[in-house]
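Structure at a glance
Here is how the chains run, residue by residue.
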Amino acid sequence: ARRIVIAGAGLAGLRAGEALRDGGFDGELTVIGDEPHPPYNRPPLSKQVLTGTMDPDRCRFPADRIQATWLLGTRAAALDRARRTILLHDGRQVPYDGLVIATGRRARPWPGRVPPLGVHTLRTVADSLALRRAVDPATRVAVLGAGFLGCEVAASLRTLGVATVTLIDIAPHPMPGLGPEIGARVAAMHAEHGVRLRLGTTVARFEGRRRVTALHMADGTRIPADVVLIALGSVPNTEWLAGSGLALHRGSVLCDTHCMAVGADRIAAAGDVAAWPHPRLSEPFQVEHWTNAGDMAKAAAANLLAAPAHRTPYTPVPTFWSDQYGAKIQSAGLFGHATRRTVVEDDPGSGRLVVEGDRDGELMGAVTVNRPRALIGYQRALAASPAPAA
Ligand code: FAD
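Below, the structure is looked at part by part. (Residues numbered from 1 in each chain as written. Predicted model: local features only at pLDDT ≥ 70, side-chain atom pairs only at ≥ 80, totals over all residues. Heavy atoms only, no water.)

In this section: the packing of aromatic side chains. Evaluation of the coordinates by the stated rule reveals five aromatic pairs. Note on Phe148 and Phe320: the rings are 6.2 Å apart at their centroids and 40 degrees apart in plane angle, and the pair reads as tilted. Here Phe148 is found in helix α4 (residues 148-160), whereas its partner Phe320 is found in strand β22 (residues 319-324), with 172 residues between them in sequence. Look at Phe148 and you get partly exposed, because its relative accessible area is 32%. With a relative accessible area of 14%, Phe320 lands in the buried category. On the numbers, 5.8 Å between centres and 70 degrees between planes, the contact of Trp290 with Trp321 is edge-to-face. On the criterion of sequence distance, the pair formed by Trp290 in helix α6 (residues 290-305) and Trp321 in strand β22 is long-range, its members being 31 residues apart. Assessed through its relative accessible area of 25%, Trp321 is described here as partly exposed. Here a set of aromatic residues connected by ring pairs shows up, and it is made of Trp276, Phe285 and Tyr314. Taking NZ or CZ as reference, Arg15 lies 5.2 Å from the ring centre of Phe61, over its face. (Phe/Tyr/Trp six-rings, centres within 6.5 Å; stacked < 30°, edge-to-face > 60°. Helix = DSSP H or I, 4+ residues; strand = E, 2+ residues; numbered from the N terminus. Buried < 20%, exposed > 50% of the residue type's maximum accessible area, 1.4 Å probe, protein only. Lys NZ or Arg CZ within 6 Å of the ring centre and 35° of its normal.)

Moving on, we come to the sheet that holds strand β5 (residues 85-88). Read across the sheet, three strands follow the order β4-β5-β6 without closing on themselves; strand pairing throughout is antiparallel. The open sheet has two edge strands with one neighbour each: β4 (76-80) and β6 (93-95). Direction aside, neighbouring strands of the sheet carry axes that sit 25 degrees apart on average. The sheet contact formed by β4 and β5 spans four bridges and is antiparallel. Each residue of the ladder has a partner; that of Asp80, found in β5, is Thr85. (Pairing = 2+ DSSP bridges. Axes fitted to C-alpha atoms, helices over the stretch in contact; angles between N-to-C directions.)

Right, here's the structure in full:
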């Protein structure tokens, strides 16, 4: 390939560019990104940037190494595979011989009406700064969704001194994907730090014409709120691929085990936007976490440069972490696909907690709180265990 285009200037886009250069690609490289900034790191946006302990400039990744043409502040609007061209939002056309799709995801919006002021989502550095500007100690904040993002924001706002933070989820415990044992610990941490937990219920409607004033809950109660963060997961940025003929799985770009878009020999995908088959699972899966974005981008770049017969399957042990009140929660493997969970260590004094998940006796994954060494052990065990066909 003489011209490779990377669509999406996030972590996966950057790491793909680096891996292409490291892999010997010396042709033209173009990176298209719709945010005005070069690639930056998102995890601090719900943590240190929100609490004000990290300047947002420090989130920026060094990006000079990859010698690319950066087309920033402009969006890929359509993919014409017959002409091997990407049409940009501003009308320009960018031809490619090889393409890496790394357009990531964006916050899932609330499906109903929301007042125009006071309702936030968090995905970008601009979102993080807007949320921080919107709160002071007296602001009443409601966080809708107690997944990792909602939990981190609740913790950061309490750390900032915001007195009234309510964390809402329809599930009976926070971080529902990690099961009730971890959920109970996370709930206890938030309660201890003064977060009001409203679990097992959801919002019926938002109150406020111009600015949000309260949430009316499905159970008939009313939660006064000056600011609401919607943290209900994310949706893939793949609208621009409509009409391209690329296969999607729940909106994500469907790849084969080599990170190549199914049926498209010159197109790879990586990071939050991609779905691909896993030997232990019957359905394609997708990972919306930091480590995968980088690792998958490297695999995708190497396979894009390789002849089809020399491509290597991408079979990671998915991992992620979340930081809340100084506690480190980490996950390895396919914990959410376990059919049984076992608490193997529980020490509320030190805050340590280790939960293993298995499926018919086969280790699927583990989640740890404040036990990074245990997590590394599980990562090794999972990487070493043969993956039977699902
Ligand atoms: P993205 O980072 O979403 O980058 C995609 C880029 O493409 C974006 O800049 C997007 O604007 C751009 N784009 C979209 N559509 C187009 C288009 N049509 N044309 C051009 N550009 C386009 N993970 C963890 O494991 N641990 C954490 O603690 C953690 N904390 C997080 C905190 C926050 C606030 C957020 C938002 C995420 C966090 N994550 C965390 C997840 C992690 O940041 C993501 O998995 C990672 O950013 C994915 O990288 P990506 O490059 O695939 O996608």
